[in-house]
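Residue-level structure breakdown
The chain contents come next:
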Amino acid sequence: MAQGSDDIQALIALMARLPGLGPRSARRIVLQLIRRRSQQMVQLAQLLDRVALNSRECVTCGNITDRDECAICADPARATGEICVVQDVADLWALERGQAFRGRYHVLGGTLSALDDIGPDELGIPDLIGRIHAERITEVILALNATVEGQTTAHYIADALEGTDITVTGLAQGVPIGGELDYLDDGTISAALRARRRL
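As a starting point, this report considers the structure included with it. (Residues numbered from 1 in each chain as written. Predicted model: local features only at pLDDT ≥ 70, side-chain atom pairs only at ≥ 80, totals over all residues. Heavy atoms only, no water.)

Re the nonpolar core
With 17 residues, the main nonpolar core has Ile-132, Val-140 and Ile-157 as its most contacted residues. The leading source of residues in this core is helix H7 (residues 125-134), at four residues. For Val-140, the residues in contact, after removing those within four places along its chain, are Ile-83, Val-85, Ile-132, Leu-161, Ile-166, Thr-167, Val-168 and Thr-169. (Core = buried A, V, L, I, M, F, W, Y, C linked by side-chain atoms within 4.5 Å. Buried < 20%, exposed > 50% of the residue type's maximum accessible area, 1.4 Å probe, protein only. Helix = DSSP H or I, 4+ residues; strand = E, 2+ residues; numbered from the N terminus. Contact = heavy atoms within 4.5 Å.)

Some words on the side chain of Arg-78
Structurally, Arg-78 is set in the loop between helix H4 (71-74) and strand S3 (82-86). With near-sequence residues (within four places) excluded, Arg-78 lies in contact with Ile-72, Glu-96, Phe-101, Arg-102, Gly-103, Arg-104 and Tyr-105.

Observations concerning the layout of surface pockets
Looking at the largest pocket, its volume works out to about 330 Å³. What lines the largest pocket is a set of 16 residues, among which Leu-142, Gln-151, Gly-170, Leu-171 and Gln-173 lie closest to the centre. In terms of residues, the lining of the largest pocket owes the most to one element, helix H8 (residues 148-160), which gives four residues. Classifying every residue of the lining of the largest pocket gives nine nonpolar, six polar and one charged. (1 Å grid on protein atoms, 1.4 Å probe; cavity = no way out; pocket = protein on both sides within 12 Å on 5 of 7 lines; lining within 4 Å. Points joined across faces, edges and corners; volume = space filled by probe spheres on them. Nonpolar A, V, L, I, M, F, W, Y, C, P; charged D, E, K, R; others polar.)

Observations concerning the packing of H7 against H8
The geometry of H7 relative to H8 is characterised by a closest axis approach of 11 Å and an angle of 45 degrees between their N-to-C directions. With respect to H8, the axis of H7 lies oblique. Along this stretch, H7 crosses H8, giving a crossing that reads as right-handed. Only Thr-153, Tyr-156, Ile-157 and Ala-160 of H8 make contact with H7, whose side of the interface consists of Ile-125, Leu-128 and Ile-129. (Axes fitted to C-alpha atoms, helices over the stretch in contact; angles between N-to-C directions. Parallel < 35°, antiparallel > 145°, perpendicular 65-115°, else oblique. Left-handed = near helix turned anticlockwise from the far one by under 90°.)

Right, here's the structure in full:
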């Protein structure tokens, strides 16, 4: 076969199914790995094998780790009384990249959706509420996507905590730093106007 063996073609097809990659990108990556098989491919294969065997969800927050509890939950300095609720692990990692939040997290693993039959129990929201009380949390930051499902989930959690001393906050929404109004959608501009503040 002109484009490599069946195994190589299968590897390209598998890589092409990864998010953000198509057939061309997958082909380039596979060729690069084959050319540098001793430096990259063998090491990548070993790491993939270890991650496949050892990765699991943190028993406390739902982050991905290779231990029972992730480094964030195990760090006593992160017990600030603040917990940030996110939809999935990618959101947690994005917030950690910014290094602006030094508290703890809780990964829901999705959002409420009547159409998909995803209710509070499927997301572990009762466990989240229990954790908030057990850890003496003073502020819950709802960092959920600005979608109908994300906002429905945020309102559900806020309602469940109503009547307690816990402060419930959400991320500000609106114009990003360096953003130009002409390139923003109507919903973002509306949210920015509603969240305006005194200068």
